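# Reading the structure
Residues per chain, in single letters:
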Amino acid sequence: GYFNGEAGASLTAKLRQRGFGALLRQDIGFFDVEANSASELTAFLADKVDKVKTITTEQLDLVAQLVGGLGSVLVIILWKCSWQLFLVWCAILPVLGLIMGMQTLFMSGTSADEKKAAQGKKVTSRRFVAKASASKAIGEAVLGIRTVASFNLEQHF
C-alpha cells in the first residue's frame, strides 16, 4: 500500500545516505583498491539498496495482500456458502503458499545476468551492458576528478 511504499522510500534514502556517508569517511587508500573503485561502489549503492527495498517493502505488500485476500475469502465462504466449499479452499491453501514462496524467491533472487557475471561468463543482455557501461562511466569521471584534484588544478577546469 501507500504507507508501505513511503516506508520503503524512506528506508532506501536512509541506506543510501548512510552508505555514502560511510564511503566519505574512508581513507584515500581505500579507493585505490580495484574492488573499491568508484564504479564498483556506486553500482553497489544502486543495486543492493534497491534489493533491500524489494525484499522489505514489496514482499510485505504481497504478504499483506495475500493474508487480507485469503482471510476475507475464507470468512465470506464460511459465512455465505457451505462448509464443503470452505474445506476445498483449505485444501488449496498449501498450493497458494507454495506459489507465494516461489514468487518471493523470484523477486529477491539475483538475475541470471548477475549470476553469469559472477561466474566470469560474458553477459550480452542490453540492460546489463547498459548498467555496466554507466557504472564504468561514473568510475572514469570520478577517477578524472581525483587526478585533477591530486595536481591541484581545480581552478583551471
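As a reminder, the structure under discussion sits directly above these lines.
A brief look at the structure comes next. Everything numeric in this text was worked out from a predicted model, so none of it was measured.

Secondary structure summary: the protein contains five helices and zero strands in total. Element order for the protein, N to C, with α for helix and β for strand: α-α-α-α-α. Here the protein holds 157 residues, and 14% of them are scored as buried. Restricting the contact set of the protein to residue pairs at least 6 apart, pairs at least 24 apart contribute 59%. In the form shown here, the protein has an accessible surface area of approximately 11700 Å², with 67% of it arising from carbon and sulfur atoms.

Helix length check: helix 1 (residues 2-24) (23 residues) gives 33 Å between terminal C-alpha atoms against 33 Å at 1.5 Å per residue, within 8%. Within helix 1 the residues assigned to the buried category are Asn-4, Gly-8, Thr-12, Gly-21 and Leu-23. Where helix 1 is buried, its residues contact helix 2 (38-80).

What follows is about a nonpolar patch on the surface. On the surface, a nonpolar cluster with roughly 390 Å² of combined accessible area is contributed by Leu-85, Val-88, Ile-92, Val-95 and Ile-99. For Ile-92, the location among the structural elements is in helix 3 (residues 83-108).

This paragraph deals with helix 2. Compared with the 63 Å implied by 1.5 Å per residue over 43 residues, the 61 Å span of helix 2 between its first and last C-alpha is a close match. Helix geometry: helix 2 is bent most strongly at Thr-54, by close to 30°.

Quick look at the side chain of Thr-12 now. Examined against the element boundaries, Thr-12 turns out to sit in helix 1. You can call Thr-12 buried: its relative accessible area is 6%. Discounting chain neighbours no more than four positions away, the residues touching Thr-12 are Val-49, Asp-50 and Lys-53.

Conventions we followed
- Residues numbered from 1 in each chain as written.
- Predicted model: local features only at pLDDT ≥ 70, side-chain atom pairs only at ≥ 80, totals over all residues.
- Heavy atoms only, no water.
- Helix = DSSP H or I, 4+ residues; strand = E, 2+ residues; numbered from the N terminus.
- Buried < 20%, exposed > 50% of the residue type's maximum accessible area, 1.4 Å probe, protein only.
- Contact = heavy atoms within 4.5 Å.
- Areas by Shrake-Rupley, 256 points an atom, 1.4 Å probe, with all protein chains shown as cover.
- Expected span 1.5 Å × (residues − 1).
- Patch = residues over 30% accessible without salt bridge, like charges linked within 9 Å, V, L, I, M, F, W, Y side chains within 5 Å.
- Salt bridge = Lys/Arg side-chain N within 4 Å of Asp/Glu carboxyl O.
- Bend = angle between axes of the 7 residues up to and from the residue.

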